[in-house]
Amino acid sequence: LPALKHISVSHNAAINDKCVTQYLQPLLKANTNIITLSVEGCPKISTAKRKQLSDMLRYNNSFLKTMGFSTEFSLAILESVDMIETMTKGGGGSSNTTNNATTNKGEE
């Protein structure tokens, strides 16, 4: 599915952490062309799983992927950049634009 770039499973109350582990994470790992995954309105997905999905999408959106860096190494670099940005902005938060996960917990 190389042309697949955007996925939405939004407003599906049946999607839970087990579904994320069994289906969504393998899909994102196997298809690194996917750059957005919407899970709005899926209240059974935990914060930890949302973070994992977000990290996978962050890697998929990263130029570091095209350079051949591993997911773990790329995320370490991106987290370091975020920390530096936060420190130089006086704690004003990250300006990360590579994270295209929509992970609202069911609010509409």
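The structure under discussion appears in the preceding block.
Please read these numbers as outputs of a predicted model, since none were measured by experiment.

Cut-offs applied
Residues numbered from 1 in each chain as written. Predicted model: local features only at pLDDT ≥ 70, side-chain atom pairs only at ≥ 80, totals over all residues. Heavy atoms only, no water. Helix = DSSP H or I, 4+ residues; strand = E, 2+ residues; numbered from the N terminus. Buried < 20%, exposed > 50% of the residue type's maximum accessible area, 1.4 Å probe, protein only. Areas by Shrake-Rupley, 256 points an atom, 1.4 Å probe, with all protein chains shown as cover. Polar contact = N/O pair within 3.5 Å; in protein donor to acceptor, adjacent residues only side chain to side chain. Core = buried A, V, L, I, M, F, W, Y, C linked by side-chain atoms within 4.5 Å. Patch = residues over 30% accessible without salt bridge, like charges linked within 9 Å, V, L, I, M, F, W, Y side chains within 5 Å. Salt bridge = Lys/Arg side-chain N within 4 Å of Asp/Glu carboxyl O. Axes fitted to C-alpha atoms, helices over the stretch in contact; angles between N-to-C directions. Parallel < 35°, antiparallel > 145°, perpendicular 65-115°, else oblique. Contact = heavy atoms within 4.5 Å. Nonpolar A, V, L, I, M, F, W, Y, C, P; charged D, E, K, R; others polar.

Draft legend 1. Quick look at the overall build of the protein chain. Per the secondary structure count, the protein chain includes four helices and three strands. Taken from the N to the C terminus, the helices and strands of the protein chain come in the order β-α-β-α-α-α-β. Within the protein chain, the fraction of its 108 residues that count as buried is 33%. Roughly 6,400 Å² of accessible area belongs to the protein chain as shown, and the carbon and sulfur atoms make up 59% of that amount.

Draft legend 2. Layout of the environment of Ser70. When you line up the elements, Ser70 lands in the loop between helix H3 (63-66) and helix H4 (71-88). Note on Ser70: relative accessible area 36%, which makes it partly exposed. For the pair formed by Ser70 and Tyr59, sequence separation is eleven residues and the distance between their alpha carbons is 8.9 Å. Only 3.1 Å separates the side chain of Ser70 from the backbone nitrogen of Phe73, close enough to count as a polar contact.

Draft legend 3. Region of the structure containing unusual backbone geometry. Its identity is not glycine, yet His11 carries a phi of approximately 55°, on the positive side. Relative to the helices and strands, His11 resides in the loop between strand E1 (6-8) and helix H1 (17-30). His11 gets classed as partly exposed once you look at its relative accessible area, which sits at 48%.

Draft legend 4. Inspection of the nonpolar core at higher detail. Among the nonpolar cores identified, the biggest contains 15 residues, and Val9, Ile15, Leu24, Leu28, Leu37, Val39 and Leu53 are the most heavily contacted of them. Secondary structure elements with two or more residues in this core: H1 and helix H2 (47-60). Broken down by element, the residue count for this core peaks at four residues, all from H1.

Draft legend 5. Local environment of a nonpolar patch on the surface. Together, Met83, Ile84 and Met87 line one region of the surface with nonpolar side chains, adding up to about 340 Å² of accessible area. Checked against the element boundaries, Met87 lands in helix H4.

Draft legend 6. Quick peek at the packing of H1 against H2. In contact at an axis separation of 11 Å, H1 and H2 are set at 5° when each is read in the N-to-C sense. As judged from the angle between their axes, H1 and H2 are roughly parallel. Each of Asp17, Val20, Thr21, Leu24, Gln25, Leu28 and Lys29 in H1 lies in contact with H2, whose residues at this interface are Lys49, Gln52, Leu53, Met56, Leu57 and Asn60. Of the residues contributing to the contact of H1 with H2, the split by class is six nonpolar, four polar and three charged.

From the geometry alone we can't say anything about function, so treat these as descriptive.
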